[in-house]
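A look at the structure
Residues per chain, in single letters:
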Amino acid sequence: MIMTEHVIIGNGVAAVGCIEGIRSVDQTSPITVVSEEQYPVYGRPLISYYLEGITTFDKMNYRKPDFYESNGCRVLYGRKAEKISKDEKSVLLDDGTVLPYTSICVATGSAPFIPPIKGLETVQNKFSFMTLNDTLSLEKVLTKDSKVLIVGAGLIGLKCAEGISGRVGSITVCDLATRVLSSILDEECAALMQARLEENGIKFMLGDTATEFNGNKATMKSGATVEFDILIMAVGVRANTTLVGELGGEVNRGILVNEQMQTSLSDVYAAGDCTEGMDISLGDHRVLAILPNAYMQGHTAGVNMAGGNEVFDKAIPMNSIGFFGLHAITAGSYFGESDGGEMYEEKGNGTLKRLFTKDGVLTGFILIGQVERAGIYTSLIRERVPIDTINFDILKKNPTLFAYSQNQRRKMLGGVV
Amino acid sequence: MKRVYVNEEWCLGCHLCEYNCAFANSGMTDMATALKDKPIFPRIHIEGNEKISYAVSCRHCEDPMCVKSCIAGAITREDGLIHIDQSKCVGCYTCILVCPYGALATNENGVMQKCELCLQNSCGAPACVKGCPNNAIVYEERGDDND
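Analysis parameters
- Residues numbered from 1 in each chain as written.
- Chains lettered and ligands numbered in written order.
- Predicted model: local features only at pLDDT ≥ 70, side-chain atom pairs only at ≥ 80, totals over all residues.
- Contact = placed C-beta atoms within 7 Å.
- Helix = DSSP H or I, 4+ residues; strand = E, 2+ residues; numbered from the N terminus.
- Nonpolar A, V, L, I, M, F, W, Y, C, P; charged D, E, K, R; others polar.
- Axes fitted to C-alpha atoms, helices over the stretch in contact; angles between N-to-C directions.
- Left-handed = near helix turned anticlockwise from the far one by under 90°.
- Buried ≥ 20, exposed ≤ 12 C-beta atoms within 10 Å, placed from the backbone.
- Domains from an automatic or database assignment.
- Pairing = 2+ DSSP bridges.

Re the interface of chain B and chain A
At the interface, 32 residues of chain B touch 37 residues of chain A. Breaking the side of chain B that touches chain A down by element, the ones donating at least two residues are strand S1 (2-6), strand S2 (45-48), strand S3 (53-56), helix H3 (65-69) and helix H4 (94-98) of chain B. Broken down by element, the residue count for the side of chain B that touches chain A peaks at 4 residues, all from H4(B). The class makeup of the residues in the side of chain B that touches chain A is 17 nonpolar, 7 polar and 8 charged.

As structure tokens, this is what we get:
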């Protein structure tokens, strides 16, 4: 009998999902995890909370210390996968090790995208903000007088700004986009979040970005100059697709996966930020680089790698992000009237709610300030609940199970779910 | 596993479960000191209108979205019980984003909490059940469990 060997490339949350998925079916076959980073899996989005002092290095562990051991996993720390050989069903590592596999999951995540900006090499203190090592290196140079320039007003750049705001002298955030968080918020919603950040001392240069660096000085597209001691590049991320791409596997902006998390190559699965899967709220493929998605994709990959049968067919974008106590929760896709969508809106004092419907289902929402029980809305999107089977007027006011029929509610609350 | 269920037909909508929950989790021995003239942060909530009401609390799902989505690994499922390690929670609200029942909310200090069946407080069994005047809330085994 040929022994089964599971190999996972990557050691983030998708890998955890994959390990737990494999073990839900197959408790004995060896699992090898190839981990470029030298740490056991940690909650990657925690890095800003670490700098803010809300969590500690020890508490960032995503699983208990005996996680790998109790799941029969061997972890190769500090190793990078160079090449997969699909004929030999093996993967070559950067130290020459060849790992045979029966099934393999590529969970390589994403890497910061650094645009080629003139003079970037002249900047001494420059950082990305993706990994624990990035964070620890950044922390070393932070002083109460530091002038920080963050290029990129997306989720990563702004969480970084919040994380370090109490530890530096000044923070300026620039972005070519004319609003913050442009991937998840429209102008009006973005303005609310920006205002909260500004109230806490963060300065913005929007519609503007650095076009040239000279030591500690940035020249902006607008012609303005910004002096800084620390530069953080948070323009965006790109999926790490090379391992699958160079084998001829289908790759778009991410590695294309189906509902079983199979790539176009046999016995090669992929999960997490490196993938591009179906966004059911959009009805199209999209890179959904969010933690819950990584776990669920990983789990599905793992179950199927071990011979089980699981599909993950409920992926949607969803984000919960807060700054200085103001929370925004968003999910799904927002279709405008020209695309056949409808929007319901409520505004309050510092709060905003937008619900987007199309073709008889809720496709997306934005909640700012008042976010309680948002998951009730999220669930309607994920389950594609027809609006005409619930009382949508009640739901518009508040997310509540009261909007479901008594029968539906009985199923939800009356048994094991 | 035993879970908390509510019989909608019998719920009076009196909200006593909310007070009993807040008291049981307050760590105090006197109800008046614990709750009087204070906003309460119960882990069970009454929903509905004048005619129909029922209590909602954590379902301890077999396939819990909160556990899969927690960015801190602070929510775990052991022997069916879903537990929040509040010392690991960073208050990111991702669990609020994903829970289909709206069963998680923050406590008075902004840290996430939810029903943990009173197994870890001095009550030892759900206080909402014990104090329900119409026995609408019950603590029992229902249906099949994977565990």
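Observations regarding the packing of helix H1 (residues 13-23) of chain A against helix H8 (residues 291-305) of chain A
Residue and element names in this part refer to chain A. Here H1 crosses H8 at 35 degrees, and the two axes come no closer than 6 Å. Crossing handedness for the pair H1 and H8: right-handed. Facing H1, whose interface residues are Val13, Ala14, Ala15, Val16, Gly17, Cys18, Ile19, Glu20, Gly21 and Ile22, H8 presents Leu291, Ala294, Tyr295, Met296, Gln297, Gly298, His299, Thr300, Ala301, Gly302, Val303 and Met305. The residue makeup of the contact of H1 with H8, split by class, is 14 nonpolar, 7 polar and 1 charged.

Quick notes on H1(A)
Residues spaced three or four apart along an α-helix point in a common direction, a consequence of the helix completing one turn every 3.6 residues. Residue and element names in this part refer to chain A. With respect to burial, H1 is a largely interior element, 10 of its 11 residues being buried. Every buried residue of H1 is listed here: Val13, Ala14, Ala15, Val16, Gly17, Cys18, Ile19, Gly21, Ile22 and Arg23. In this structure, the buried residues of H1 make contact with strand S1 (6-9), strand S2 (31-35), strand S3 (73-77), strand S7 (103-106) and H8.

Regarding the domain arrangement of chain B
Residues and elements named next belong to chain B. Along its sequence, chain B is carved into domain 1 (13-57 + 116-147) and domain 2 (59-114). Contacts between the two partners involve 10 residues from domain 1, matched on the other side by 12 residues from domain 2. Split by residue class, the side of domain 1 that touches domain 2 holds 4 nonpolar, 2 polar and 4 charged.

A look at the sheet that holds strand S15 (residues 225-227) of chain A
Residue and element names in this part refer to chain A. Strand order in the open sheet made by the 3 strands is S13-S14-S15, with antiparallel pairing throughout. Each edge of the sheet is formed by a strand with only one pairing partner; in this case those strands are strand S13 (210-214) and S15. Neighbour-to-neighbour, the strand axes of the sheet open up by a mean angle of 25 degrees, direction not taken into account. Note that strand S14 (residues 217-220) and S15 share 3 bridges and pair antiparallel. Counted as the bridge partner of Lys217 is Glu227 from S15.

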